[in-house]
Protein chains: 2
Amino acid sequence: MGQDRPSTTAHAAENGDSAKVARGPGRRLHGAIAHKLGTAILSGQYAPGDVLSGEVAFAEELDVSRSAYREAIQVLTAKGLVESRPKAGTRVLPRTRWNLLDPEVLGWAFAGEPDIQFVRDLFELRAIVEPAAARLAAQRRDKNDIKIMKDALAAMRRHTLATELGRAADRDFHNAILNATRNDALQVLSASIGSAVNWTTQYKQRARALPRNPIPDHVRVFDAIAAGDAAAAAEAMGVLVDLALEDTASAMGG
Amino acid sequence: MGQDRPSTTAHAAENGDSAKVARGPGRRLHGAIAHKLGTAILSGQYAPGDVLSGEVAFAEELDVSRSAYREAIQVLTAKGLVESRPKAGTRVLPRTRWNLLDPEVLGWAFAGEPDIQFVRDLFELRAIVEPAAARLAAQRRDKNDIKIMKDALAAMRRHTLATELGRAADRDFHNAILNATRNDALQVLSASIGSAVNWTTQYKQRARALPRNPIPDHVRVFDAIAAGDAAAAAEAMGVLVDLALEDTASAMGG
DNA sequence: TCCTGTAATATGTCGGAGTAATTGAGAGAG
DNA sequence: CTCTCTCAATTACTCCGACATATTACAGGA
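Residues numbered from 1 in each chain as written. Chains lettered and ligands numbered in written order. Predicted model: local features only at pLDDT ≥ 70, side-chain atom pairs only at ≥ 80, totals over all residues.

**Student:** For this particular structure, what's the right way to read the environment of N183 of chain B?
**Tutor:** Within the fold, N183 of chain B resides in the loop between α7 (164-180) and α8 (184-207). By the C-beta count within 10 Å, which is 25 here, N183 of chain B ends up buried. Remark: the alpha-carbon pair of N183 of chain B and I73 of chain B, spanning 110 residues in sequence, is separated by 32 Å. In contact with N183 of chain B, not counting residues within four places along its chain, are D121, E124 and L125 of chain A together with L136 of chain B. (Helix = DSSP H or I, 4+ residues; strand = E, 2+ residues; numbered from the N terminus. Buried ≥ 20, exposed ≤ 12 C-beta atoms within 10 Å, placed from the backbone. Contact = placed C-beta atoms within 7 Å.)

**Student:** Quick question: what am I supposed to make of the protein's contact with DNA strand C here?
**Tutor:** In the vicinity of DNA strand C lie 26 residues, with E55 of chain A together with L29, S65, S67 and A68 of chain B positioned nearest. Of all elements in the fold, only β1 (82-85) and β2 (89-92) of chain A together with α1 (29-42) and α3 (66-78) of chain B reach the threshold of two or more residues within the surface near DNA strand C. Taken together, the residues that form the surface near DNA strand C break down as seven nonpolar, 11 polar and eight charged. (Near = placed C-beta within 6 Å. Nonpolar A, V, L, I, M, F, W, Y, C, P; charged D, E, K, R; others polar.)

**Student:** Help me understand the relation of the copies chain A and chain B in this model?
**Tutor:** Here the two chain copies are tied together by a rotation about an axis and a shift along that axis. Overlaying chain A with chain B gives an RMSD of 0.1 Å, the required rotation being 180 degrees about an axis along which the chain moves by 0.1 Å. As the rotation angle and translation indicate, the two copies are arranged about a two-fold axis. A share of 100% of interface residues in chain A that are also interface residues in chain B marks the association as one of identical surfaces. (Least-squares fit on C-alpha atoms with pLDDT ≥ 70 in both.)

**Student:** I keep staring at α1 of chain B and nothing clicks. Help me out?
**Tutor:** Since there are 3.6 residues in each turn of an α-helix, residues three or four apart along the chain are aligned in direction. When the terminal C-alpha atoms of α1 of chain B are compared, their 20 Å separation across 14 residues agrees well with the 20 Å that a helix rising 1.5 Å per residue should span. Taken residue by residue, α1 of chain B has H30, G31, I33, A34, H35, L37, G38, I41 and L42 of chain B as its buried positions. Buried-residue contacts for α1 of chain B involve α3 (66-78) of chain A together with α3, β2 (89-92) and α4 (103-109) of chain B. Among the residues trailing α1 of chain B, G44 of chain B stands out with phi positive, at a value near 85 degrees. (Expected span 1.5 Å × (residues − 1).)

**Student:** What is the right way to read the domain arrangement of chain A from this model?
**Tutor:** Accessible area lost during the coming together of the parts is what is often quoted as the interface size. Residue and element names in this part refer to chain A. Annotation of chain A at the domain level lists domain 1 (1-112) and domain 2 (115-252). Facing five residues of domain 1, the contacting portion of domain 2 comprises six residues. Taken together, the residues that form the side of domain 1 that touches domain 2 break down as five nonpolar, no polar and no charged. (Domains from an automatic or database assignment.)

**Student:** Please clarify how the protein's contact with DNA strand D should be interpreted in this entry.
**Tutor:** As a structural note, the neighbourhood of DNA strand D is formed by 22 residues, with L29, S65, A68 and P86 of chain A together with E55 of chain B the closest of them. When contributions to the surface near DNA strand D are tallied by element, the ones reaching two or more residues are α1 (29-42) and α3 of chain A together with β1 (82-85) and β2 of chain B. Sort the elements by how many residues they give to the surface near DNA strand D and α3 of chain A lands first, with three residues. Its residues placed into classes, the surface near DNA strand D shows six nonpolar, nine polar and seven charged.

**Student:** Would you mind going over the confidence of the model for chain A with me for this structure?
**Tutor:** Note that predicted coordinates carrying low pLDDT should not be read in detail. Residue and element names in this part refer to chain A. With 84% of its residues at a pLDDT of at least 70, chain A reaches an overall mean of 85. With pLDDT under 50 throughout, residues 1-18 is counted as low confidence; its partners more than four residues away or in other chains account for three contacts. On the interface metric, ipTM, the complex scores 0.86, and its pTM is 0.86. (pLDDT = per-residue confidence, 0-100.)

**Student:** What exactly am I supposed to notice about the interface of chain A and chain B here?
**Tutor:** Residue-level contacts link 30 residues of chain A with 30 residues of chain B. Taken together, the elements giving at least two residues each to the side of chain A that touches chain B come down to α3, α5 (116-140) and α8 (184-207) of chain A. The element that contributes the greatest number of residues to the side of chain A that touches chain B is α5 of chain A, accounting for eight residues. Counted by class, the side of chain A that touches chain B contains 15 nonpolar, seven polar and eight charged residues.

Structure (structure tokens):
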């Protein structure tokens, strides 16, 4: 599906000699700049309080127009990463102001080597939210939800988690649970965290094979939700999160 | 060269009581536009799938430059509310793509009459997260955390919640709890929801006096955290959230 | 110490050139 | 005759750079 070729030479006829932004196919220019600056901030390259002074200077260095740079800054501002005032420049805000749950910010955080402590925080939050979601799903699911989950589970069994199809089925399974909670806020939260966790999954994949067959644990969650057993659903989901944490920790920390 | 455009170079020369954006003092122009469009989307004035077609038309109607309009659109895009593509226009994305936990989006959602179901979802999430936060705080707090919480509690007692100082102390109290969890992700999440809940608090204030003295319940939370009793802290915080939910529900819909 | 002026920097505006995707008309196959 | 595929024109976003304005940090004087 996604085999678009990089569009042949945009207006810039020169080859990228230095610090120009890499611009993907579907990605807009200001999006690329935001990505570059966002990852720089998230990786600690710019610390809170630092100033990205010189609107014109930055735009020149990145070889883009001021408009593009400004729109990128708007994106970062919208996500609470920076704040810019006349004369003072654009300052990186303290970490507590960052929208760490924003999917894009999460992506930037995991673009390089992610901070171990942050990954731990994220899993801790996941361990709080996901079991509660499973509990609600067990109370509110209908026949249709169960069918979708059952199909996803079957697909997971057919293709393993080693394939892209299998991982897609895994996502479908978890999305079906979230959808069954009938809670939009909970849904977007878990989806955000989940997208980041997906990254760790493929990180883990790179390091070594899956240490354990995850299917039985998924089945236990499904059975509990299908039976409407809220307590069992929460417990089973807790086990699932714990396993993911263990795997990720051993794959990362060494 | 100056004569070819006799039209008003000073755009603000005309008084505009037409459909111009209201621009607050500290608020930037594109921020005002984003607010206007954001509230329009959150209030359902634009449904998912609708197109805000015509960059030039919109900019003209709002009497702002295309640049300002575009920067506003960037903000909305960053928050997952819209997506704009060439030729297709700017479409409102499905609700599940919205960053409902973004403080600004939350603010837009509560700018008009908030959706009852959404408020319920939010409180449900709060009932999941806050007790867990209190539990962690009880396990990880140090002397300094306890001191800050104690001071905030004293300030709450002195000024009541009817005064701005009292509400500030309330915020300090809850922030101290969040800070004691040592979990940044949890902290930003609760802070986001909290800011929205603050709104409901003053909504409630407008309707009638506080139905019950909230101090003793806060004290119970404090005592449990200070004692390091995780279970009791979670339980006491659960009570606090439930009370807030009751108050808000009766103040809003009935 | 307080006030005031100035310079530096971000903010807002404008119009135009460039680029990408939708749309529908036309050609060809069944 | 109908259906599908291709392709070009249209249309709306994307990016640019120069200009004008507003705000404010900072320094120098009263």
